[in-house]
Amino acid sequence: MASEPPTSAAERYRPNRFVSLPAELDRSTFDVSPERRRAEAERLAIRARLKRQYQLQLNHPNPAPIIENPALTRWAYARTQNVYPNFRPTPKTSFLGLVFGLGPLLFWAAVFKIERDHKEKLIKEGKDF
Amino acid sequence: MAVARLRGVLWQRAAARLQDARTVVAAPPGARAASQMTQDMLPGPYPRTPEERAAAAKKYNMRVEDYEPYPDDGFGYGDYPKLPDKSHHERDPWYRWDQQDMRHNWGEPMHWDFDMYIRNRVDTSPTVVPWHIMRRHFFIFVGTMLVMFVIGGMYPSYMPVGPKQYPFNDLYLERGGDPNKEPPVVTHYEI
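Quick caveat, the model's predicted, so the values are computed rather than measured.

(A) A look at the overall build of chain B. Scanning chain B from N- to C-terminus turns up four helices and zero strands. Reading chain B from its N end, one meets helices and strands in the order α-α-α-α. A burial count over chain B gives 24% of its 191 residues as buried. Across chain B, the fraction of contacts at a sequence separation of at least 24, relative to all contacts at a separation of at least 6, is 36%.

Structure follows, in structure tokens:
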């Protein structure tokens, strides 16, 4: 134990896909360098511009019937209509397609066939099941 | 010969009529698009050049440095940005979002799995105990219980019991014994 290099609390926490690092253990929370400040300022500028656009539409005296959220439209479009045009058969996609597309069919067909054959055998032999 | 020519003319006339009908249905005069967005504002293919990346970042209202598309594996993501996998439970509840329940601002790029990360569903908030420790404790407990139950099923152990003792000569009449005959005497005791 004494020869172990000192690990940080963030490394010992081991965040993953299911749980994220708490802000208290994240080094970037305490990062006040000018680059980070400039990045945050740019992000704030984008956010403020979007908020202004939204508020102008929201408080318009002659409002449009619906305020369309372009981010929502893009999200819906990307998940539905943009998937097939960007699909490409690669070894990985072909393998996954086989495993998840064809695999369950063959697996359940085999399961049902074996189970029914076994039951048929028991019926023919007159046994209980 | 004449029949074939007639049929050919009729076919061409039908095709022309169909084409006219199609243009009429496609965009009648005075029609408005359902969305105000043009095709260049919608998601497109994976960006290859730095200019395409900058244009995509601008399209999604992100900084060029923040914009990171999904890897081009042919999975169909296109140029959609890869945002951090954090659920909306982690977003500030006290900030005045445009949509307070969704904790989402108008125009802000939505995560690909947005509908999974809403506050009714998956929660990726940091836990008090780290995940790998919780996972380890869970599997140790469940594994031990399963092993014990399986062993207990294979080698069951009960309190020692003797055979059940019934009255009335082992229920001779109830079990269909002949009432005219003398029942066999059964004693369950020893003095």
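(B) Structural detail: the confidence of the model for chain B. Residue and element names in this part refer to chain B. The pLDDT averaged across chain B works out to 86; a share of 83% of its residues lies at or above 70. Taking the mean pLDDT of every element in chain B, the minimum, 59, falls on helix H1 (residues 2-26) and the maximum, 97, on helix H3 (residues 131-154). Here the prediction assigns the complex a pTM of 0.75, and the interface score ipTM is 0.83.

(C) Structural view of a nonpolar patch on the surface. A contiguous nonpolar surface patch, about 760 Å² in accessible area, is contributed by Phe95(A), Leu98(A), Val99(A), Phe100(A), Leu102(A), Leu105(A) and Leu106(A). Along the chain, the position of Leu105(A) falls in helix H4 (residues 91-125).

(D) Up close: the pattern of salt bridges. All chains considered together, the criterion is met by 19 salt bridges over all chains. With a shortest N-O distance of 3.0 Å, Asp98(B) and Lys51(A) are connected by a salt bridge. Taken together, the residues Asp98(B) in the loop between helix H2 (50-59) and H3 and Lys51(A) in helix H2 (residues 34-58) connect one chain to another. Comparing Asp98(B) with Lys51(A), the two get one shared label, buried.

(E) View of the UniProt feature "transmembrane region" (unreviewed entry) in chain A. On the UniProt side, "transmembrane region" (unreviewed entry) is annotated at positions that read residues 95-114 of chain A here. Each end of residues 95-114 of chain A is marked by a C-alpha atom, and these two atoms are 26 Å apart; helix forms 100% of the span and strand 0%.

(F) How the structure looks around the interface of chain A and chain B. Opposite the 43 residues of chain A that make contact, chain B presents 51 residues. Contact between chain A and chain B buries roughly 4000 Å² in total, counting both sides, with carbon and sulfur atoms accounting for 55%. Among the residues chain A hides against chain B, the three largest losses belong to Lys51(A), Arg74(A) and Trp75(A). Together they make up 16% of the total. Between Arg88(A) and Asp72(B) there is a salt bridge, and its shortest N-O distance comes to 3.2 Å.

(G) View of the UniProt feature "transmembrane region" (unreviewed entry) in chain B. In the numbering adopted here, UniProt assigns the feature "transmembrane region" (unreviewed entry) to residues 138-158 of chain B. Across residues 138-158 of chain B, helical content stands at 81% and strand content at 0%; the span's end C-alpha atoms are separated by 30 Å.

(H) Geometry of the packing of aromatic side chains. Here the structure, examined in full by the defined rule, presents 13 aromatic pairs over all chains. An angle of 20° between the planes, with centres 5.9 Å apart, marks the rings of Tyr54(A) and Trp106(B) as stacked. With Tyr54(A) in helix H2 and Trp106(B) in the loop between H2 and H3, this residue pair bridges two chains. The exposure classification of Tyr54(A) matches that of Trp106(B), with both residues buried. By the ring-pair criterion, three or more aromatic residues cluster together here, those being Tyr60(B), Tyr67(B), Tyr70(B), Tyr77(B), Tyr80(B) and Trp112(B). The positively charged end of Arg175(B) is found above the aromatic ring belonging to Tyr166(B), 5.2 Å away from the centroid.

(I) Region of the structure containing H4(A). Residue and element names in this part refer to chain A. The terminal C-alpha atoms of H4 lie 48 Å apart, and with 35 residues this matches the ideal 51 Å at 1.5 Å per residue to within 8%. The largest bend in H4 comes to about 45°, at Gly-103, with the proline Pro-104 one to four residues further on. Of the residues flanking the end of H4, it is Gly-126, one or two places downstream, whose phi is positive at about 80°.

(J) Focus on the environment of Ala57(B). Residue and element names in this part refer to chain B. Mapped onto the elements of the fold, Ala-57 is located in helix H2. Take Ala-57: its relative accessible area is 0%, and that puts it in the buried class. Expressed as a C-alpha distance, the spacing of Ala-57 and Asn-180, which sit 123 residues apart in the sequence, is 103 Å. Residue contacts for Ala-57: discarding those within four places in its chain leaves Met-62, Arg-63, Val-64 and Tyr-67.

(K) Broad picture of the nonpolar core. Counting residues in hydrophobic clusters, the biggest one holds 15 residues, and the most contacted among them are Tyr67(B), Tyr80(B) and Met110(B). In terms of residue count, the dominant contributor to this core is helix H3 (residues 70-80) of chain A (three residues). The residues contacting Tyr67(B), other than those within four sequence positions of it, are Pro47(B), Arg53(B), Ala56(B), Ala57(B), Tyr60(B), Met62(B), Asp79(B) and Pro81(B).

(L) Examining the environment of Pro22(A) more closely. Tracing the chain through its elements places Pro22(A) in the loop between helix H1 (9-13) and H2. Owing to a relative accessible area of 13%, Pro22(A) belongs among the buried residues under this scheme. For the pair Pro22(A) and Arg52(A), spaced 30 residues apart in sequence, the C-alpha to C-alpha distance is 31 Å. Those residues within four positions of Pro22(A) in sequence are excluded, and the remaining contacts are Tyr13(A) and Pro126(B).

About the thresholds
Residues numbered from 1 in each chain as written. Chains lettered and ligands numbered in written order. Predicted model: local features only at pLDDT ≥ 70, side-chain atom pairs only at ≥ 80, totals over all residues. Heavy atoms only, no water. Helix = DSSP H or I, 4+ residues; strand = E, 2+ residues; numbered from the N terminus. Buried < 20%, exposed > 50% of the residue type's maximum accessible area, 1.4 Å probe, protein only. Contact = heavy atoms within 4.5 Å. pLDDT = per-residue confidence, 0-100. Patch = residues over 30% accessible without salt bridge, like charges linked within 9 Å, V, L, I, M, F, W, Y side chains within 5 Å. Areas by Shrake-Rupley, 256 points an atom, 1.4 Å probe, with all protein chains shown as cover. Salt bridge = Lys/Arg side-chain N within 4 Å of Asp/Glu carboxyl O. UniProt positions renumbered as here; feature names shortened; annotations may be inferred. Buried area = accessible area lost by both parts, 1.4 Å probe. Phe/Tyr/Trp six-rings, centres within 6.5 Å; stacked < 30°, edge-to-face > 60°. Lys NZ or Arg CZ within 6 Å of the ring centre and 35° of its normal. Expected span 1.5 Å × (residues − 1). Bend = angle between axes of the 7 residues up to and from the residue. Core = buried A, V, L, I, M, F, W, Y, C linked by side-chain atoms within 4.5 Å.

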